[in-house]
Every structure is written in structure tokens, then in C-alpha cells.
Amino acid sequence: MAAEIRLRTLSLCRYYRRGPQEEVRALDGFTIQVNRGEFLGIVGSSGSGKSTLLNLLAGLDSPTSGSVEFDGVPLSSMSRRQLASYRARNVGMVFQSFNLISHYTALQNVETALYFNFTPPKERRRLAAAVLEQLGLADRMTHRPPDLSGGEQQRVSVARAIVKKPEILFADEPTGNLDYENARQIAAILDTLNREGLTIVMVTHNQEMAQQYAHRIIRMHYGHLAGSTLTRPSAGLMP
Amino acid sequence: MKLRTFLTTAGVLIAIAAFVSMLSFGAGNQENITREFNELGLFTTMQVYPKSNANGSDTSPSPKLDRTALERLSAIPGVNLVYPYDAITVKVKLGDTLIASKAQALTAAAARTKLFSNMLKGKAFDGDSSRQAVISEELMKKAGITSPESLIGRSIVVSVGVSTVDSGLAHILTDRGESVIDRLKRIHLDSLRNGSYRRRVIRSEMNDAVRRFLNGFTNAQEIISDSLTVCGIRRAGQMGRIRIEPVIIPVATAARFSSGGLSGNLAEIFAAMSSGNLFSRPEDPGNKTFSQVTIDLDPHVLYKTVRDSVQALGFKTFSFAAQFEEIQKFFFYFDMALGVVGLIALITASLGIVNTMVMSITERKREIGILKSLGAYELEIRTLFLVESGVIGLIGTVAGLIAGWTITRIVSAIAHFYMKREGFPEMELFAFPLWLILTALAVGVGVSVLAGLYPAARAAGVDPVEALRND
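Residues numbered from 1 in each chain as written. Chains lettered and ligands numbered in written order. Predicted model: local features only at pLDDT ≥ 70, side-chain atom pairs only at ≥ 80, totals over all residues. Heavy atoms only, no water.

*Asks:* Just checking my understanding: could you explain the nonpolar core for this structure?
*Replies:* Among the nonpolar cores identified, the biggest contains 107 residues, and Leu7(A), Leu53(A), Tyr86(A), Leu132(A), Phe170(A) and Val201(A) are the most heavily contacted of them. In contact with Leu132(A), not counting residues within four places along its chain, are Ala106(A), Leu107(A), Val110(A), Leu137(A), Ala138(A), Met141(A), Val156(A) and Ala159(A). Ile88(B), Ala133(B), Ile156(B) and Ile249(B) belong to the second-largest nonpolar core, a separate cluster that totals 26 residues. (Core = buried A, V, L, I, M, F, W, Y, C linked by side-chain atoms within 4.5 Å. Buried < 20%, exposed > 50% of the residue type's maximum accessible area, 1.4 Å probe, protein only. Contact = heavy atoms within 4.5 Å.)

*Asks:* Could you clarify how one ought to interpret the layout of surface pockets in this entry?
*Replies:* Empty space left among the atoms is revealed by rolling a probe the size of a water molecule over them. Computed from the structure, the second largest pocket encloses a volume of approximately 790 Å³. Lining the second largest pocket are 29 residues, with Gly47(A), Ser51(A), Thr52(A), Asn55(A) and Arg469(B) sitting closest to its centre. Elements with a contribution of two residues or more to the lining of the second largest pocket: strand 1 (5-18), strand 2 (22-30) and helix 1 (50-57) of chain A together with helix 16 (464-468) of chain B. Among the elements that make up the lining of the second largest pocket, the one with the highest residue count is helix 1 of chain A (4 residues). Residues that form the lining of the second largest pocket fall into these classes: 9 nonpolar, 12 polar and 8 charged. (1 Å grid on protein atoms, 1.4 Å probe; cavity = no way out; pocket = protein on both sides within 12 Å on 5 of 7 lines; lining within 4 Å. Points joined across faces, edges and corners; volume = space filled by probe spheres on them. Helix = DSSP H or I, 4+ residues; strand = E, 2+ residues; numbered from the N terminus. Nonpolar A, V, L, I, M, F, W, Y, C, P; charged D, E, K, R; others polar.)

*Asks:* Help me understand the interface of chain B and chain A, please; the structure alone is not making it clear to me.
*Replies:* Interfaces are often sized by the amount of accessible area the parts lose when they come together. Counting residues at the interface gives 17 residues for chain B, matched by 22 residues for chain A. Here chain B and chain A share an interface that buries about 1,800 Å² over both sides, 59% of which is from carbon and sulfur atoms. In terms of surface lost to chain A, no three residues of chain B exceed Leu374(B), Tyr377(B) and Val465(B), which account for 32% of the buried area on that side. Counting the contacts that link chain B with chain A gives 1 salt bridge. The closest approach of N and O atoms between Arg80(A) and Glu378(B), which form a salt bridge, is 2.9 Å. (Buried area = accessible area lost by both parts, 1.4 Å probe. Salt bridge = Lys/Arg side-chain N within 4 Å of Asp/Glu carboxyl O.)

*Asks:* Would you mind going over helix 1 (residues 3-39) of chain B with me for this structure?
*Replies:* Residues that lie three or four places apart on an α-helix share one face, since the helix turns once every 3.6 residues. An ideal rise of 1.5 Å per residue puts 54 Å on 37 residues; helix 1 of chain B measures up with 51 Å between its terminal C-alpha atoms. Gly41(B) occupies a position one or two residues after helix 1 of chain B and carries a positive phi of about 65°. (Expected span 1.5 Å × (residues − 1).)

*Asks:* Before we go on, may I ask you to explain helix 6 (residues 180-195) of chain A in this structure?
*Replies:* All names here are of chain A. If you check helix 6, its first and last C-alpha atoms are 22 Å apart, about what 16 residues at 1.5 Å a residue would give, namely 22 Å. The set of residues buried in helix 6 consists of Asn182, Ala183, Ile186, Ala187, Ile189, Leu190, Asp191, Leu193 and Asn194. Looking at the buried side of helix 6, the elements it contacts are strand 4 (39-44), helix 5 (150-162), strand 8 (168-172), strand 9 (199-203) and helix 7 (207-213).

*Asks:* Quick question: what am I supposed to make of the packing of aromatic side chains here?
*Replies:* Remark: the centre distance and the inter-plane angle together describe each pair of aromatic rings, the angle taken between the planes. Under the defined criterion, the tally for this structure stands at 15 aromatic pairs over all chains. Ring geometry for Phe331(B) and Phe334(B): centres 6.0 Å apart, planes at 80°, overall edge-to-face. Taken together, the residues span about one helical turn, with Phe331(B) and Phe334(B) both in helix 12 (residues 320-363) at a distance of 3 residues. Judged by relative accessible area, Phe331(B) falls into the buried class, the value being 5%. Residue class for Phe334(B) comes out partly exposed when judged on its relative accessible area of 25%. Measuring from ring centre to ring centre gives 5.3 Å for Phe417(B) and Tyr418(B), while their planes differ by 80°; the resulting arrangement is edge-to-face. With relative accessibility at 48%, the residue Phe417(B) sits in the partly exposed group. Among the aromatic side chains, those forming a connected cluster through ring pairs are Phe25(B), Phe330(B), Phe331(B), Phe334(B) and Phe430(B). Against the face of Tyr15(A) rests Arg25(A), its NZ or CZ located 4.5 Å from the ring centre. (Phe/Tyr/Trp six-rings, centres within 6.5 Å; stacked < 30°, edge-to-face > 60°. Lys NZ or Arg CZ within 6 Å of the ring centre and 35° of its normal.)

*Asks:* Sorry, what's going on with the pattern of salt bridges here?
*Replies:* A side chain of one charge can pair with a side chain of the opposite charge when the charged atoms of the two come close. Counted under the stated rule, the structure contains 31 salt bridges over all chains. For the salt bridge of Glu428(B) with Arg409(B), the shortest nitrogen-to-oxygen distance reads 3.2 Å. Of the two residues, Glu428(B) sits in the loop between helix 14 (378-422) and helix 15 (434-460) while Arg409(B) sits in helix 14, which places them 19 residues apart along the sequence. Each of Arg17(A), Glu23(A), Arg25(A) and Asp28(A) takes part in salt bridges that share partners, so that together they form one network.

*Asks:* Teacher, can you tell me more about the packing of helix 12 of chain B against helix 14 of chain B here?
*Replies:* A pair of packed helices is characterised by two quantities: the angle between their axes and the separation of those axes. Residues and elements named next belong to chain B. At a closest axis distance of 11 Å, the pairing of helix 12 and helix 14 adopts a crossing angle of 140°. Classified by the angle their axes make, helix 12 and helix 14 are oblique. At the point where helix 12 passes helix 14, the crossing takes the right-handed sense. Taken together, the residues of helix 14 that come into contact with helix 12 (itself represented by Ile353, Met357, Ser360 and Ile361) are Phe385, Glu388, Ser389 and Ile392. Its residues placed into classes, the contact of helix 12 with helix 14 shows 5 nonpolar, 2 polar and 1 charged. (Axes fitted to C-alpha atoms, helices over the stretch in contact; angles between N-to-C directions. Parallel < 35°, antiparallel > 145°, perpendicular 65-115°, else oblique. Left-handed = near helix turned anticlockwise from the far one by under 90°.)

*Asks:* When you look at the side chain of Arg160(A) in this model, what are you seeing that I'm missing?
*Replies:* Along the polypeptide, Arg160(A) turns up in helix 5. One buried charge, Arg160(A), has no salt-bridge partner; the nearest side chain with opposite charge is Glu367(B), at 10 Å. Once you skip the residues sitting within four places of it in the chain, Arg160(A) turns out to touch Phe95(A), Phe98(A), Asn99(A), Leu100(A), Asn109(A), Val110(A), Ala113(A), Ile370(B) and Leu374(B). (Lys, Arg positive; Asp, Glu negative; His and termini not counted.)

*Asks:* I keep staring at the environment of Asn194(A) and nothing clicks. Help me out?
*Replies:* Residues and elements named next belong to chain A. Here Asn194 lies in helix 6. According to the relative accessible area criterion, Asn194 is buried, its value standing at 5%. With 157 residues separating them along the chain, Asn194 and Gly37 place their C-alpha atoms 6.6 Å apart. When sequence neighbours within four positions are dropped, the list of residues in contact with Asn194 reads Gly37, Glu38, Phe39, Ile200, His215 and Arg232.

Right, dumping it as C-alpha cells:
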């Protein structure tokens, strides 16, 4: 069975200007594709352009040249409102530093993700509570981020990312700030979500974790694709 | 609430409190004037005067303001009542006090109009010929009476010294006991053939005759007195261009006083001479002319329509409704001036809002980035910040309205204390009409939202990648 392409980049470039002279080429002609249901791991050293790639895939940033296509539609052809809608409906994001709103409770943080896709308030509350319960945070719903452990905060962050049932989940170093046990728990959650059909793109330094859970690992080096490895079989994946 | 937000809200509060206090003062004064105009029926009162050709600019014929004119004025559509200013000089005996004053004759219908109904105590007289009088508060005080209740039902004696042409004529022949024979004896009859002597005698006799006439006319007065019951006491107060005399008596009762002729008042004599009434029979009212006439208007008819009709008859008019329009114009500019002062305070407070919101954006940059990563559109971020500045404005405005109201109550209480102590009539200096509350809310929230426009635009423009960067 042929793999269904969910996301694709074509000669993606992202250059930054640092001062009047220096130009930083964070991504330089980067082409990949992400298939439906795939768990893609992206590894590389600091400054290799992993996070830049994730921001471009999530529609948070615009490329200098090249394109990102989601289900065959270039993000560059979308209006700002359509891009916002793409993030609100199709994309879930998990960050290394959790990025929770500190004065909101865990429940409110998760509910916020449903606000922008116009889910009715009662439904928002019900869905947010259900996801938090699913991730073992039933007794932490009214807690604010500063009152939660790192692992709990990241679980809230994952709950916020998946509550809207996105087409694709982008995880930027999701275990980078966690101890081994919590990192393992988060990786297991992501693995479960992927097994349930969610497409995941995860940037990580943790080679071992990438090897264990990702179907495919790509290596980045200074804005270029340095290599790609198939680690475990997935429907329609080609090495 | 953060201290910074609290202080910003306090700034809006102070500005709105100042804004509403000042406008409330303007509104209070406007309400006082409107109420007074309404209570006195001034909106439906028009004064009519004969045209004066003194300046020579108006060459149109000037009709007399006489009984015929009154009938023509009464026939104008929208005119309820027409009554002249008809006053005589009287002496009023109130208890043991004799006071020189003036009495005004009015029909019972005119006395019941709002203009004359501002009573301290009692009511208008019952009919045109009732033996009653309404006196003013000032006259009561002149008589040393402090309790108006005690005066209602008491009798006063109104007397008029009346001069008649007959008494003047009688004195032409006899004066200071000197008879016609005595005067004839002083004339050298045989010298009358001399023209110069004859002319001198004639001039001397004519001068003497006029002197004796005037002497008899002004000094040999008949005193007409009547005892009237006080039925009402009019409240003190200036009526501007409307002349209301201290004693008001029914028109038929007043006719008795003037039936004998003219009072000894020289002004009345000259007025009668200038109007050609000096030798008229006093009982012939058709010849009487008036210096001013008051028209009571139908409240449902535009005063301008009636004014035009009156002016078309050749008379001058003065309308309080027109004067009120001028007063309203003044208050419009007065309120504008006060409002601008308040608005300046509000604009200063709005800079505080801008500062607070910009600081808030800096602090909440990551939060904005998170919201954008979750799918927030720029308009939603902009709206969020506009709502926040609007809420600061709303809370500040509501609190400012309460503070402004409290300030006006305190100032009003102090003013009332001093008014009472100084014996001034008490009045409410401030008013809080609905339009003022709505204006304050609109201005307070509006200025706050405007102040939030720039910060909101900055918030909407936050780069999510920059905001979510791990450092």
C-alpha cells in the first residue's frame, strides 16, 4: 500500500540576518515528506535547524524560499487567517519548556486549545477534562503550572496539543527538561497516540528514545538533511 | 489585580470623577433654570410692548396698546389669555404699618396663571370683584411680619389719593381764599386799552390759572380706601422683564380706585397727558392705553408662530422661550468647556492605559506566542487587548461615576449649609441626568479602547517564534 503524504517540504530555505553583514542559513534547501500515521524523529546538534524546521511545518514561521505543503496545499498560499485556522484545527504542538499559561489552571490551559476552533464552552470543558483524565491528571485539573511537577506540566502540554484531535503533532524536545522516568512516560504517551493513528514529528537530542519510538529518523546538519534511517516498520514507509 | 493596573484604573477613576462632577454642575444649573421657567410658566409667557420710534429707525406706524389691541391679540390662534399691566400707586396699611407701594389689577384668570401662582402661602383671589388681595413676601417682611400663615385671612387697607380734573378746574377760580372779585380789583380796567398792559395781564392770569389748576389737581385729592382680605402671599423673586407689583387686586375691585380720576403720581399724570387721556372720562376704559401686555400661550403652540402674528400687528415682543434658547446655547458652550477640562484629565489617564498595556505586552509576550501557536488569529489577539483596556476603562468609569457622585453630594451638602446660613433660597447645584451617566460611560470606555489600539496592534504583531524561543 502506498504511503499517503501528510506533510511535505520542497527546497525549504530559512535565512536570518544577524547584523548588517552576516546571514545565517538555518535551513538551506531542505526537502522531506511526512506520511500519515508516521512517527518521524528529527535529530541533530544544536543550531542544525531542527526547531526552525518545526516552526515552518507548524505555520508559525514563513520560509525564505521553498514551500511546505499540508495535504497538498502550500502553506504559503494560505492567508494569515487560514494559517491560524491550520494551527487551530490541524496542528498540535508540544514544547521543551511546556509553554503553559502560568495563571491558568491545567484544565483552562487545555481548554484554551479548543477556544480557537470554536468548540462550544461546555464541550471544551468536557473534552479537556477527559483528556487530562486519560493522561492521569484527573486530580491536577485545578492546579496551576507552578504547582505541578515537570512531568505533569508536560502531560498537560500534551493534553493541550491532542485535545483538539489534530492531524499532526509537532513535539520540540518534549523530554528535554524531564528526568528519565518522566521522559519515558511522555515518550510512551506519544507512542500510544501514534499507535492510535496520530502523525508525530518529534525533534529530540535523545537518540535512544528516537530509536525506540520513531519509525524513521532524519539527521540534520547545519540546515541540510544529513541522513535518514528507518528504525521500525510503518505502513507504506520507504527507507 | 496588579498594582500597575490598579493605579491605571485609579487614573481613569479620577479623570471620570472630575469629568462628571464638572458636567454635573452644568447640568444642575441648567435643570434649576428649566424648572424655574416651568414653574413660573415662562415658556408660555410673552410680553407685548408698543413700538418705540425714539431711534427713528422704524418708520412703521405704532398702534396703541389699548383695549382694541387686547381684543386683536386675544384673537390670535394659540393665545390663551391676554392681560395688561395696569398698576396704581397705593398706600397699604398692614397692621399698624403704612407702606407706600403699588397695586396691580388682574383678572382672576390671569392671577391663576403659573406666573402669579408661585405662592408662599394661600392662593389667588376668587373672582374679578372679590375683596381680596395677594401681597408679596417682600411687602410682608416690610410690615415686620415673619409668619405668612398669620397673614392669610387678615385685612389690609389699600388707599389711593385720586386727583380729578374737576378739582383742578374748581381751583382755577378760587385759590388760597382769593376770589375772582379780589383779582379783578387788582386790574386797572382803564389801562386795559393799553395793548402792552393788556397782554401782560392776560399772560399773568393764564399763568395763575394753570398754576391754580395743577395745584388743585395734585393737592386736592380725594382719598379712596378699601379693606381687602389677604388671600395669598407671593414668593419673593425677580421676574426679569415682567413687572409684578407687591399688591395684586382683582380687576373690578381695582376699578373703584381709579374711578375718581388719576392718582397724584406725576408720572401717571404725564403718562395720561401723553396718551391723550388726561381729560377723558375715567369710567371710559376704552380710551386707556397700557405700557405692556402679557400673553399666556397655549403650551402646544409654537411661540414663534404667535410672536410673528403679534409683530405683524405692529407690536414689539419679548419671549422667555426665546430667551431660554439663548440660555441653552450658553449652557451648551459652558458644558463643552467643562467637558474639555475633564477630557484633558481623561486623555492623561489614557496615556497610563497605553503604558500599562505596553508593559503588559512585554510581560506577556510568551503568552501571546502560546495563543498564536494554538491558532489565535491576529484579530483575536488584538480584540483580547482592546477588551482588557476597555475593561480597565469600564471599571475606572463606573468607579469614577460613583466617586463623582459622592464628590457632588459632599459639595452640595456644604453649599446647602452655607445657603441656609446666609438665608439664600436653597437649590440643588448638581444633577446626574441619564445622558450624563451614558456620556461618561461612552467617553470613559471609548477613550480607554482608543488608548488600547496601539498596544493591541503591537500585541497582534508579536512574532510567535520569537516569543516562544526557549531563552
